[in-house]
Amino acid sequence: MLAPLILAASRSDKMRSFVSAAPGTKQVVDRFIAGESVDQVVPVIEDAAAKGLEVTLDVVGEDITTVEQSHAARDAYLELIGRLKELGLGTKAEMSVKLSMFGQALADGHELALANVRPVVEAAAAIGTTVTLDAEDHTTLDSMFAIHEELRKDFPQTGCVIQAYLFRTEADARRLAAAGSRVRIVKGAYKEPAEVAYQDKAETDKAYVRIMRILMEGSGYPMIGSHDPRLISIAQELARTAGRKLDEYEFQMLYGIRSDEHLRLAAEGHRMRVYTAYGTDWYGYFMRRLAEKPANLLFFARSILTK
Ligand code: FDA
């Protein structure tokens, strides 16, 4: 009931101003956002590496409105990659990018986003790491998959995300489950209409299992993005049945969510990657985290009221 309202609020400028200015917001945001700058996120990456975890880094800021902002987004990732190189952390950290931040929704956005993301993918490859294209709302996906295909001609290790709640995704998974591909499967975090997406969580979960099976039985590299204990154990079972070794797939979870589980899976010998978001423009990312778990909203409301 609450999730669609929160997701609608994530698109509202008025709510953005209210939430950003509310006392107590920062305390809750800090649970999900690892810092505001590269300097603040570096210790988080080092700490993860010391614990046997890997990371994928997301510079938050999807709601851009100008070409200059899209260039600034590109430059923020290039700065991050420069720092990873200096610190020798290239093999422990990947990047996740939202093409909207690279200008996809602006005029000639497809070309602009491709032109902005290419140097980031190139710089990542030069330090031995890679980039995954996040999946945003369903209207953006044809463009995202086309950019993914284009990038893979030169950088075949470039990953992409698919969302189990969309009807189209099983077909996308079949197309993508080929040698050399890196595909992250997630449930899906946007407000989508009934024409394109399951509205019932149980249907999404069943689709998630079908899609994992396609990925595990295929010849690409599956990245299981979920905190759901049931899906994690089904993933382990499917991997065993498909004869995959522990380094032939990985688990991914979000920074600040089920941190004990990150450590448990890493201790079992799994590759565990923590999706670590940082930056100042955290509103859209934060609101999706609230929508995923209504208890977060109560915690948020309490922290505003007690300030
Ligand atoms: P589910 O929502 O059922 O949660 C299972 C359990 O995990 C909950 O019971 C709770 O304990 C815990 N949990 C989950 N979310 C929580 C939260 N916000 N706060 C506190 N506890 C929480 N989506 C998308 O559309 N495009 C994308 O590119 C990505 N990228 C991405 C990367 C990675 C690494 C992950 C893990 C997730 C994404 N997502 C995403 C988000 C994804 O679509 C989905 O919304 C969340 O992962 C929540 O779904 P779960 O699979 O965790 O299950």
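Rules used throughout
Once a new chain begins, its residue numbering starts again from 1 and follows that chain's sequence as written. Two thresholds apply to this predicted model, a pLDDT of at least 70 for residue-level local features and 80 or more for giving and counting side-chain atom pairs, whereas whole-chain, interface and lining totals are computed over all residues. For helices the rule is a DSSP run of H or I covering at least 4 residues; for strands it is a run of E covering at least 2, with both sets numbered from the N terminus onward. Expected span of a helix, by definition, is 1.5 Å for each gap between consecutive residues, and there is one gap fewer than residues. Any residue whose C-beta has 12 or fewer other C-beta atoms within 10 Å is treated as exposed, any with 20 or more as buried, and any in between as partly exposed, C-beta atoms being built from the backbone. Of all possible arcs, the one meant is that of the directions from the helix axis to the C-beta atoms. Strands pair, by our definition, only if DSSP identifies at least two bridges between them. Think of each axis as a best-fit line through the C-alpha atoms, taken over the contacting stretch in the case of a helix, with angles from 0 to 180 degrees between the N-to-C directions. Once C-beta atoms are placed from the backbone, any two residues with those atoms within 7 Å are in contact. Being near a molecule or strand means, for a residue, that its backbone-placed C-beta atom lies within 6 Å of it. Residue classes follow a fixed rule: Ala, Val, Leu, Ile, Met, Phe, Trp, Tyr, Cys and Pro count as nonpolar, while Asp, Glu, Lys and Arg count as charged, and any other residue, Gly among them, counts as polar. Boundary definitions for the domains trace back to an automatic or database domain assignment. UniProt positions are given in the numbering used here, feature names are shortened, and annotations may be inferred rather than shown by experiment. Under this scheme an angle from 65 to 115 degrees is roughly perpendicular, one under 35 degrees roughly parallel, and one over 145 degrees roughly antiparallel; angles in between are oblique. Handedness of a crossing is defined here by the sense of rotation of the near helix relative to the far one, left-handed for an anticlockwise turn of less than a right angle and right-handed for a clockwise turn. The handedness of a crossover follows from its direction of travel: if, with the strands pointing away from the viewer, the path from the first strand over the helix to the second runs clockwise, the crossover is right-handed. To count as a nonpolar core, a set of buried Ala, Val, Leu, Ile, Met, Phe, Trp, Tyr and Cys residues must be joined through C-beta atoms within 7 Å.

Quick look at helix H5 (residues 67-87)
So, point 1. Over its 21 residues, H5 runs 31 Å from end to end, which matches the ideal 30 Å to within 8%, given 1.5 Å per residue.
So, point 2. Along H5, the positions that sit buried rather than exposed are Ser70, Ala73, Arg74, Tyr77, Leu80, Ile81 and Leu84. Buried residues along H5 cover an arc of 115° about the axis, so they all sit on one side. Exposed residues on H5 whose side chains face more than 90 degrees from its buried face are Glu68 and Glu86.

Some words on the environment of serine 12
So, point 1. Considering the arrangement of structural elements, one finds serine 12 in the loop between helix H1 (2-9) and helix H2 (13-21).
So, point 2. Counting along the chain gives 272 residues from serine 12 to glycine 284, while the straight-line C-alpha distance between them is 9.8 Å.

Looking at the sheet that holds strand S1 (residues 54-59)
So, point 1. If you trace the eight strands once around the closed barrel, you get S1-S2-S3-S4-S5-S6-S7-S8, paired in parallel fashion. Strand-to-strand twist of the sheet, defined as the mean angle between neighbouring strand axes without regard to direction, takes the value 30°.
So, point 2. Taken together, the four bridges between strand S7 (residues 250-254) and strand S8 (residues 272-278) define a ladder with parallel strand orientation. Bridge pairing links leucine 254 to tyrosine 275 in S8.
So, point 3. Packing against the sheet, helix H11 (residues 259-267) makes contact with S7 and S8, and its axis sits at approximately 150° to S8.

As for the site of the ligand
So, point 1. Inspection of the region around the ligand gives 23 residues, with Asp134, Gly225, Ser226, His227 and Glu292 positioned closest.
So, point 2. Sorting the residues of the shell around the ligand by element identifies strand S4 (159-163), S7 and helix H12 (283-292) as the ones contributing at least two each.
So, point 3. Across the shell around the ligand, the residue classes break down as nine nonpolar, seven polar and seven charged.
So, point 4. Counting contributing residues per domain, the shell around the ligand is built from domain 1 (1-33 + 282-307) and domain 2 (44-280), each supplying no fewer than three.

Here we look at the UniProt feature "domain: Proline dehydrogenase" (unreviewed entry) in the protein
So, point 1. Per the UniProt annotation, the sites labelled "domain: Proline dehydrogenase" (unreviewed entry) are residues 45-299.
So, point 2. The span residues 45-299 shows a helical share of 48% and a strand share of 16%, and its end C-alpha atoms are spaced 27 Å apart.

Topic: the packing of helix H6 (residues 109-126) against helix H7 (residues 141-154)
So, point 1. In contact at an axis separation of 11 Å, H6 and H7 are set at 40° when each is read in the N-to-C sense. Overall, the two elements H6 and H7 adopt an arrangement that is oblique. When you trace H6 past H7, the crossing you get is right-handed. Contacts from His110, Ala113, Leu114, Val117, Arg118 and Val121 of H6 reach H7 at Ser143, Ile147, Glu150 and Leu151.

Points about the domain arrangement of the protein
So, point 1. Examined at the domain level, the protein breaks down into domain 1 (1-33 + 282-307) and domain 2 (44-280).
So, point 2. Centre-to-centre separation of domain 1 and domain 2, based on C-alpha positions: 23 Å.
So, point 3. With 11 residues of domain 1 in contact, the opposing surface of domain 2 contributes 12 residues.
So, point 4. For the side of domain 1 that touches domain 2, the secondary-structure elements that each account for two or more residues are H1, helix H3 (25-32) and H12.
So, point 5. At four residues, the largest contribution of residues to the side of domain 1 that touches domain 2 is made by H12.

Digging into the pairing of S4
So, point 1. Here S4 lies mainly inside the structure; five of its five residues are buried.
So, point 2. Side chains Gly159, Val161 and Gln163 of S4 all project onto a buried face; the interleaved residues Cys160 and Ile162 project onto the opposite face, where all are buried too.
So, point 3. With two bridges joining them, strand S3 (residues 131-133) and S4 adopt parallel strand pairing. Within S4, the position partnered with threonine 132 by the bridge is glycine 159.
So, point 4. Between the parallel elements S3 and S4, the chain passes through H7 in a crossover that is right-handed.
So, point 5. One ladder, built from five bridges, connects S4 with strand S5 (residues 182-186); its direction is parallel. Bridge assignment links isoleucine 162 to a residue of S5, and that residue is isoleucine 185.
So, point 6. You can see the chain leave S4, run along helix H8 (residues 169-176) and come back into S5, and the turn it takes is right-handed.

Topic: the nonpolar core
So, point 1. Val97, Val120, Ile185, Ile211, Met212, Leu215 and Ala277 are the most contacted members of the largest nonpolar core, which totals 89 residues.
So, point 2. Among the elements that take part in this core, helix H9 (residues 201-217) stands out by supplying seven residues, more than any other.
So, point 3. Each of domain 1 (1-33 + 282-307) and domain 2 (44-280) contributes no fewer than three residues to this core.
So, point 4. Here valine 120 is in contact with Arg74, Tyr77, Leu78, Met95, Val97 and Val131, once residues within four sequence places are set aside.

A few points about the environment of isoleucine 257
So, point 1. Assignment of secondary structure puts isoleucine 257 in the loop between S7 and H11.
So, point 2. Along the backbone, isoleucine 257 and arginine 31 are 226 residues apart, and their C-alpha atoms lie at a distance of 8.3 Å.

Here we look at unusual backbone geometry
So, point 1. Located in the positive-phi region is aspartate 108, a residue other than glycine, with phi close to 50°.
So, point 2. Along the chain, aspartate 108 turns up in the loop between strand S2 (93-97) and H6.
So, point 3. With a phi close to 50°, arginine 258 is a non-glycine residue in the positive phi region.
So, point 4. With respect to the helices, strands and loops of the structure, arginine 258 is situated in the loop between S7 and H11.
So, point 5. The exposure class of arginine 258 is partly exposed, given the 16 C-beta atoms found within 10 Å.

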